[in-house]
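These are the residues of each chain, in order.
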Amino acid sequence: MTGVQTKAGTDEAFPLFGRIGADAGREAVLAHLAEAARTVRRRDIQVVHDAGQGHIGGEFSVIDLLVTLYMHVMNVSPELLDAPERDRLILSKGHAAAALYTVLAARGYIGRDELKTFVQPLSRLNGHPARTKIDAVEASTGPLGHGLPIAVGTAVAAKLDRSERRTFVILGDGELQEGSNWEAFMTAGNQRLDRLVAVVDRNRLQQGADVAQTNDLEPLADKLRAFGWDVHEVDGHDHGALIDTFAGVPALSGRPTFVIAHTDKGYPVSYMRDQVSWHHKVPTAEHVRIALDELGNQ
Amino acid sequence: MTTALERQLHDCRETWAATLTDLARNDRDIVAVVNDSVGSSKLNAFQTEFSDRVINVGIAEQDMVGVGAGLANGGKIPFVSAAACFLTARALEQIKVDAAYSESNIKLIGQSPGMAYGELGPTHHSIEDLAWLRAIPGLTVIVPADRRETAEVIRWAAEHPGPVFVRVSRMPVPDVMPEDYRFVPGHAVTLRDGRDVTIAATGTVVSRALEAAELAGAEGIDVRVLAVPTIKPFDNDAIVRAARETAGIVTLEEASVVGGLGGVVAETVVRRHPAPVRILGVPDEFAPTGSASWLLDHYGVNATEALRACRELVATE
């Protein structure tokens, strides 16, 4: 140990991050999101280290998406938990649960100290998110291929009610190998769900190997266009680009939006980045120290 | 003697569809989710009246149940209606996770269950559904016996906030429940009291249990007939009373002998009051070609075999 305290929730200040609107100005929004993402990553790696469990590689690839959506894009807040008009976000790649919990804690949905209970006996913070345990979780996920059909149903409900609310669903790229997604891609296109946004965390790695070497998805954008979706590609770690992409939704009437967010597994930590071995490897105290150093200790 | 099976027969799908249509007129949140199963679910009139409230995902069962869960998230009351064999087998993980584990307000309607698709073969039979679904925590599993109970159950399901699975029979059945019958979840119904032996039956074959009891009465055997609409949660007390007060229990169901009504009755008596049990249902094998009624008779899921089992239990008491 090199002076790093690794009990999450006790080692450093972990401020709340509210939702920042566009009226704050672009620079302020980007600074807010950058600090939130940095803080969430710092806490998340400690949570996973302390618990001895997690999927840190895929958590670090998705954190910028979660932070951008929860801290800026979506019309959600802890005060609007049951509001019918709230936007919906479903984390279909439920194995990134610790990242979601850390974002929810940073946003004030759950207590920041509660992160210490991740996967401990009787904790609400199960290894995969459960909607019955945490109100802010819109769908129980974990088994892959569940989130998109649920998001389609939520979007159909909004359309029936002529609601303006949007539904976001974040999928892993390896997850797209599940056939249920392709059933739902067809349904969403045919139902013309233009307030549905599916975001794929395109980190190119699944549990055991490269996605391309396992069961390749390409040409992914062409496939989704053929299914009737409006496809966008964006740097999934560029908050500004993500904001611009989401602000333009729906871009085409009657077409659901598919965002290919190009990310790196383990981003931005040097030893983790693009390494398939970091799918669910547990960081040691030394790993944590290096990551905190790289993420900035300030 | 007029037996139950000689009475007028009814397709419970007609009742389910009429009941849902009636409910939908008073509740705009009720929607139907189907897998190209409008016709086989008898929902043509519903679709004509509420064209925007039928979400047809096509032949895509996992998507169908997930979409239902999403509709529930959006405040709707989805009735997901599909052939029981595909609904429960293809979408079993969605039923477990999206419906039950998530405590979604979703109604899963298994059409044409059991041996209803007779000649179409074991691919289309749904005899494992009760075993699969009753192993899932929090899911209510209901098998109505006739059109009256079907209507009652559909009305109850629309009001009940939570995941429910209901079998809706295709094989025509006579009316067996009393005219003033009201469905109460988790309660077995004593259709005929008796002191000697008990037949516990569920769904389409309740009429066959009543027929067996009539035949037994002519032989001087006093048979109690319990109709068991709710497989889960289960009326353990009614079964324990039957185990205490009669020579034993014969179970009768249009389902596999593995893990259905027979299974839950056996588990109950073993735990609380050991008693002889005879489980009549579809044996643990893939059925040969034949119509639904032929197959049920072939496998002894009928009055004749129920009567034989009653005689054995009384004789060995």
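Since the model is a prediction, treat every value here as computed from it, not as a measurement. (Residues numbered from 1 in each chain as written. Chains lettered and ligands numbered in written order. Predicted model: local features only at pLDDT ≥ 70, side-chain atom pairs only at ≥ 80, totals over all residues.)

Caption draft 1: Representation of the overall build of chain B within the structure. Each helix and strand counted, chain B has 12 helices and 12 strands in total. On the principal axes, the C-alpha backbone points of chain B span a range of 60 × 40 × 40 Å. (Helix = DSSP H or I, 4+ residues; strand = E, 2+ residues; numbered from the N terminus.)

Caption draft 2: Expanded view of the domain arrangement of chain B. Residue and element names in this part refer to chain B. Here chain B is partitioned into domain 1 (4-168) and domain 2 (189-315). One C-alpha centre belongs to domain 1, the other to domain 2, and the line joining them spans 25 Å. Contact residues are listed per partner, giving 25 residues for domain 1 and 30 residues for domain 2. Counting only elements with at least two residues in the side of domain 1 that touches domain 2, the list comes to α6 (129-134), β5 (140-142) and α7 (147-159). Grouping the constituent residues of the side of domain 1 that touches domain 2 by class yields 15 nonpolar, five polar and five charged. (Domains from an automatic or database assignment. Contact = placed C-beta atoms within 7 Å. Nonpolar A, V, L, I, M, F, W, Y, C, P; charged D, E, K, R; others polar.)

Caption draft 3: Structural context of the interface of chain B and chain A. The interface of chain B with chain A comprises 24 residues on the first partner and 25 residues on the second. Looking at the side of chain B that touches chain A, the elements with two or more residues in it are α3 (61-73) and α5 (92-101) of chain B. When its residues are assigned to classes, the side of chain B that touches chain A shows eight nonpolar, 10 polar and six charged.

Caption draft 4: Seen up close, the packing of helix α2 (residues 56-73) of chain A against helix α8 (residues 239-247) of chain A. Residue and element names in this part refer to chain A. For the pair α2 and α8, interaxial distance at closest approach is 10 Å and the crossing angle is 60 degrees. Taken together, the axis directions place α2 and α8 in an arrangement best described as oblique. Between α2 and α8 lies a crossing whose hand is right-handed. Side by side, α2 and α8 meet where Asp-64, Leu-65, Thr-68, His-72 and Val-73 of the first sit next to His-239, Leu-242, Ile-243 and Phe-246 of the second. A class-by-class count of the residues in the contact of α2 with α8 yields five nonpolar, three polar and one charged. (Axes fitted to C-alpha atoms, helices over the stretch in contact; angles between N-to-C directions. Parallel < 35°, antiparallel > 145°, perpendicular 65-115°, else oblique. Left-handed = near helix turned anticlockwise from the far one by under 90°.)

Caption draft 5: Expanded view of the UniProt feature "domain: Transketolase N-terminal" (unreviewed entry) in chain A. UniProt records the feature "domain: Transketolase N-terminal" (unreviewed entry) at residues 35-295 of chain A, using the numbering of this structure. With 40% helix and 11% strand, the stretch residues 35-295 of chain A has end C-alpha atoms that lie 10 Å from each other. (UniProt positions renumbered as here; feature names shortened; annotations may be inferred.)

Caption draft 6: Spotlight on the sheet that holds strand β9 (residues 223-227) of chain B. Residue and element names in this part refer to chain B. Spatially, β7-β9-β8-β11-β12 is the arrangement adopted by the five strands of the open sheet, whose pairing is mixed. If you trace the sheet from one side to the other, it starts and ends with β7 (189-192) and β12 (277-282), each paired once. Looking at each pair of strands side by side, their axes are set apart by 25 degrees on average, direction ignored. Bridging between strand β8 (residues 197-201) and strand β11 (residues 249-256) involves four bridges; their strand directions are parallel. Within β11, the position partnered with Ala-200 by the bridge is Thr-251. Here helix α10 (residues 261-272) sits on the sheet in contact with β8, β11 and β12, set at roughly 145 degrees to β11. (Pairing = 2+ DSSP bridges.)

Caption draft 7: Main features of the pairing of strand β3 (residues 77-83) of chain B. All names here are of chain B. Most of β3 is tucked away: seven of the seven residues are buried. Relative to β3, strand β1 (residues 30-34) is paired through five bridges, and the arrangement is parallel. Bridge assignment links Val-34 to a residue of β3, and that residue is Ser-81. Pairing of β3 with strand β4 (residues 107-111) involves five bridges; the strand directions are parallel. For Val-80, the partnering residue across the bridge sits in β4 and is Leu-108. (Buried ≥ 20, exposed ≤ 12 C-beta atoms within 10 Å, placed from the backbone.)

Caption draft 8: Fine view of helix α5 (residues 179-190) of chain A. Taking 1.5 Å of rise per residue, the 12 residues of α5(A) would be expected to cover 16 Å, and the 17 Å separating its terminal C-alpha atoms lies within 8% of that figure. Among the residues of α5(A), Ser180(A), Asn181(A), Glu183(A), Ala184(A), Phe185(A), Thr187(A), Ala188(A) and Gly189(A) are the ones counted as buried. Against the buried residues of α5(A) lie α4 (147-160), β2 (167-172), β3 (196-202) and α7 (220-226) of chain A together with α3 of chain B. (Expected span 1.5 Å × (residues − 1).)

Caption draft 9: Structural view of the sheet that holds β3(A). Residues and elements named next belong to chain A. The five strands lie next to each other as β1-β2-β3-β5-β4, forming an open sheet whose pairing is parallel. Single-partner strands in this sheet number two, and they are β1 (88-91) and β4 (230-235). Averaged over all pairs of adjacent strands, the angle between strand axes in this sheet comes to 20 degrees, irrespective of strand direction.

Caption draft 10: Fine view of unusual backbone geometry. Residues and elements named next belong to chain A. For the bond running from Glu-218 to Pro-219, omega is 0 degrees, close enough to zero to count as cis. Here Pro-219 lies in the loop between α6 (211-215) and α7. Omega for the peptide link from Tyr-267 to Pro-268 comes to -5 degrees, which places this bond in the cis form. The backbone of Leu-122 sits at a positive phi, close to 70 degrees, despite the residue not being glycine.

Caption draft 11: Spatial organisation of helix α8 (residues 206-218) of chain B. All names here are of chain B. Helix length check: α8 (13 residues) gives 19 Å between terminal C-alpha atoms against 18 Å at 1.5 Å per residue, within 8%. All of the buried residues along α8 are Val-206, Ser-207, Arg-208, Ala-209, Leu-210, Glu-211, Ala-212, Ala-213 and Ala-216. Count one or two residues on from α8 and you reach Gly-220, which has phi positive near 85 degrees.

Caption draft 12: Representation of the confidence of the model for chain A in the model. Here chain A averages 94 in pLDDT, while 95% of its residues score no lower than 70. A low-confidence stretch, residues 1-11 of chain A stays under pLDDT 50, and its non-local contacts, those more than four residues away or across chains, total 28 contacts. (pLDDT = per-residue confidence, 0-100.)

Caption draft 13: Highlighting the packing of α4(A) against α3(B). The contact between α4(A) and α3(B) brings their axes to 6 Å, and the two run at 45 degrees. Taken together, the axes of α4(A) and α3(B) lie oblique to each other. Considering the relative orientation of α4(A) and α3(B), their crossing is right-handed. Counting all contacts with α4(A), which are made through Pro149(A), Ile150(A), Ala151(A), Val152(A), Gly153(A), Thr154(A), Val156(A) and Ala157(A), the residues of α3(B) involved are Gln62(B), Asp63(B), Gly66(B), Val67(B), Gly68(B), Ala69(B), Gly70(B), Leu71(B) and Asn73(B).

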